[in-house]
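# Structural characterization, general
This is what each chain is made of:
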2 protein chains.
Amino acid sequence: MKQYPSNIIDGKQYAALMLKELTEKVKLLKLSFNIVPTIAVILVGDNPASIIYVRGKLKAAADCGMNAATVNLPSTVTNAELLNCITALNDDDTISGIIVQLPLPTHIDQKNIALAISPDKDIDGFHPLNVGCLYNSAIFDGFIPPTALGCLALIKKCDVVLAEAHAVIIGRSNIVGRPLAALLLKEDCTVTICHSKTKNLQNITSQADIVISAIGIPAKLSAKYFNPNAIVIDVGITRLSADNSKIVGDVDFFNVYDKVRFITPVPGGVGPMTIAFLLSNTLKACCRQHHLTDLYV
Amino acid sequence: MKQYPSNIIDGKQYAALMLKELTEKVKLLKLSFNIVPTIAVILVGDNPASIIYVRGKLKAAADCGMNAATVNLPSTVTNAELLNCITALNDDDTISGIIVQLPLPTHIDQKNIALAISPDKDIDGFHPLNVGCLYNSAIFDGFIPPTALGCLALIKKCDVVLAEAHAVIIGRSNIVGRPLAALLLKEDCTVTICHSKTKNLQNITSQADIVISAIGIPAKLSAKYFNPNAIVIDVGITRLSADNSKIVGDVDFFNVYDKVRFITPVPGGVGPMTIAFLLSNTLKACCRQHHLTDLYV
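Quantities reported herein were computed from a predicted structural model and do not represent experimental measurements.

The strands making up a sheet are joined through hydrogen bonds of the backbone, oriented either antiparallel or parallel. Residues and elements named next belong to chain B. The three strands are arranged β2-β1-β3 in an open sheet whose pairing can be described as parallel. Unpaired on one side and paired on the other, β2 (67-73) and β3 (97-100) mark the two borders of the sheet. Within this sheet the neighbouring strands show an average axis-to-axis angle of 20°, counted without direction. Across seven bridges, the pairing between strand β1 (residues 38-44) and β2 is parallel. For threonine 38, the partnering residue across the bridge sits in β2 and is asparagine 67. Contacting β1, β2 and β3, helix α2 (residues 48-63) runs over the sheet at an angle of about 170° to β1. Each of β1, β2 and β3 touches helix α3 (residues 79-91); the most contacted strand, β1, lies at about 175° to it.

So this is what it looks like as structure tokens:
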């Protein structure tokens, strides 16, 4: 088995532990109540990266004992047809969670898609009601985007006092940057959000206790972007080869890893955690739909 | 008329201009369609500060030609009674916008209150659906908390390129800090959110191009917290005397005002803008409810 240096955060290992626990809970749910959490993935068109991602999600779901089904729609699908498909899945009591794999063809109105998925089945955490619950801390416990949850979980493995930390997030997507900012703020971090327009990025990141990068520019961040005490979470995934064999993150890993306190590798860092939290969201959705909320805690 | 030094951002004056425009639109609405935007304010108990705030809102609404009504409920009101009251106002077609004046007695479940107000009448922008629409930029145009809108409007008066600016927000409330962070991020600012747990606050604020303080600690921020080029927006309001005659902000104004580029006074800065945007939200709600969306643009 590959041995990492001790400052490398092994997302694959943590995800495996989570999946093991999830598997136990899914088994219990099946034995006790004859319920099987079920994911429906809507895949529009045949984007090769999307097919790889969907395959990964389906395999992980199956490994945990969940059911998973893909609804394949042609890239010519109309908005109305896609909405009808979502409505049917919303109304289907056997479906726990619904994913519409991104990106969607440009003729599809993504706003309406996010609004169409029932908030109770929105395991990606994109529906504005779930987003609002995340940001207005005082409301109820909605669904949170799995990648943001995965990043937070890895940060918490690093023996850091979050209330004393300044976290700098690079990238402001609805999938990672924005929700992660909300999560870290809830944990009492001081939070800065940087992005493509930010001036003096290096000046900002080099002061940070925690840097999370989610920009998708391969090896953009060299060692000078980080102080030696930093925790570095690399969400970026860029495929440098068609056969998927060479995947790199936003951080110039081999230049950086021994010059910071902790760092996630790519692959094997945030990626596996994303899938684990997607399945954890699915279990949560399933348990809620069956009023078995004790089980997913 | 009081003349401010030229670097003082005169919120009172800008608010007056907004209210003048709103008054014209309200007049047009009445003349053309016999519609009068109407605010319902629910006031629970007799907190003196709340009574002052509500009185200010009602007066401003009346000055603009809007209708406004207060529903007074005793501090012993039950959750069910308060929810019933909100439902009645939701169902009343003559009501454009609903405010539940904060703070509420501790026995009231504030989460349910925020969820109970129809998102279409939520002129304070507290419903999670409106919050979610603000944070997930890709969704539709909901209601945004008026104080956050007021701060952004004042910043925009300052001849600043927001995409090149680093804004530091002190305070992470759902009323100011969090929504303002979302607004500034949409404007391409780099945004840092600080709060009571933040270490080295001065180190962070003194690097900022824009500092917005919303912590409610009188005169907490002296000149050393700001660089000479900073724009300072002071949202804090502390009443130092029972008769309401002495109101101060978070910034030690007389020590700071001539050492920064722009600054808002307290009173007369963000406060009047909050009321103007509350009424602007009310007009927006009214126009939407009557499918007259052109009018509020």
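Following leucine 102 of chain B, the chain continues to proline 103 of chain B via a peptide bond in cis, the omega torsion being 0°. Relative to the helices and strands, proline 103 of chain B resides in the loop between β3 and α4 (110-116). Each neighbour pair has its own omega, and for valine 266 of chain B with proline 267 of chain B the value is 0°, a cis peptide bond. Here proline 267 of chain B shows up in the loop between β10 (262-263) and α10 (270-289). Non-glycine residue asparagine 34 of chain A carries a positive phi angle of around 55°. Summarising the element assignment, asparagine 34 of chain A is placed in the loop between α1 (11-33) and β1 (38-44). What makes asparagine 34 of chain A exposed here is its relative accessible area of 57%. The residue asparagine 200 of chain B is not glycine, and still its phi comes out positive at about 55°. For asparagine 200 of chain B, the position within the fold is in the loop between β5 (190-194) and α8 (201-205).

Now for the relation of the copies chain B and chain A. Superposing chain B onto chain A takes a rotation of 180° plus a shift of 0.0 Å along the axis, which leaves an RMSD of 0.0 Å. Here the copies are linked by what is in effect a two-fold axis. Counting the interface residues of chain B, we find that 100% of their copies in chain A are interface residues as well, pointing to one common contact surface.

Under the definition given, this model contains 18 salt bridges over all chains. In this structure, aspartate 188 of chain B engages arginine 172 of chain A in a salt bridge whose closest nitrogen and oxygen atoms are separated by 2.8 Å. Placement of aspartate 188 of chain B in the loop between α7 (177-186) and β5 and of arginine 172 of chain A in the loop between β4 (166-170) and α7 (177-186) is noted, with the two residues assigned to different chains. What makes aspartate 188 of chain B buried here is its relative accessible area of 18%. Here lysine 197 of chain A makes a salt bridge to aspartate 188 of chain B, at a shortest N to O gap of 2.9 Å. Of this pair, lysine 197 of chain A sits in the loop between β5 (190-194) and α8 (201-205) while aspartate 188 of chain B sits in the loop between α7 and β5, on two different chains. Members of the salt-bridge network, linked through shared partners, are Asp141, Lys284 and Arg288 of chain A.

Moving on, we get to the side chain of histidine 127 of chain A. Here histidine 127 of chain A is to be found in the loop between α4 (110-116) and α5 (128-135). Of note is the side chain of histidine 127 of chain A, whose polar atom sits 2.9 Å from the backbone nitrogen of leucine 129 of chain A. Not counting residues up to four positions away in its chain, the partners in contact with histidine 127 of chain A are Ala114, Leu115, Ile117, Pro119 and Asp122 of chain A together with Leu129 of chain B.

What follows is about the interface of chain B and chain A. On the side of chain A, 38 residues touch chain B, which itself brings 38 residues to the contact. With both chains or domains summed, chain B and chain A bury close to 3300 Å², and 56% of this area falls on carbon and sulfur atoms. Along the contact surface separating chain B from chain A lie six salt bridges. Here chain B and chain A share 16 residue pairs in polar contact (both at pLDDT 80 or more) between them.

Below, the discussion takes up the domain arrangement of chain A. Domain assignment breaks chain A into domain 1 (33-118) and domain 2 (146-271). Computed over C-alpha atoms only, the centres of domain 1 of chain A and domain 2 of chain A are separated by 28 Å.

Conventions used here
- Residues numbered from 1 in each chain as written.
- Chains lettered and ligands numbered in written order.
- Predicted model: local features only at pLDDT ≥ 70, side-chain atom pairs only at ≥ 80, totals over all residues.
- Heavy atoms only, no water.
- Pairing = 2+ DSSP bridges.
- Helix = DSSP H or I, 4+ residues; strand = E, 2+ residues; numbered from the N terminus.
- Axes fitted to C-alpha atoms, helices over the stretch in contact; angles between N-to-C directions.
- Contact = heavy atoms within 4.5 Å.
- Buried < 20%, exposed > 50% of the residue type's maximum accessible area, 1.4 Å probe, protein only.
- Least-squares fit on C-alpha atoms with pLDDT ≥ 70 in both.
- Salt bridge = Lys/Arg side-chain N within 4 Å of Asp/Glu carboxyl O.
- Polar contact = N/O pair within 3.5 Å; in protein donor to acceptor, adjacent residues only side chain to side chain.
- Buried area = accessible area lost by both parts, 1.4 Å probe.
- Domains from an automatic or database assignment.

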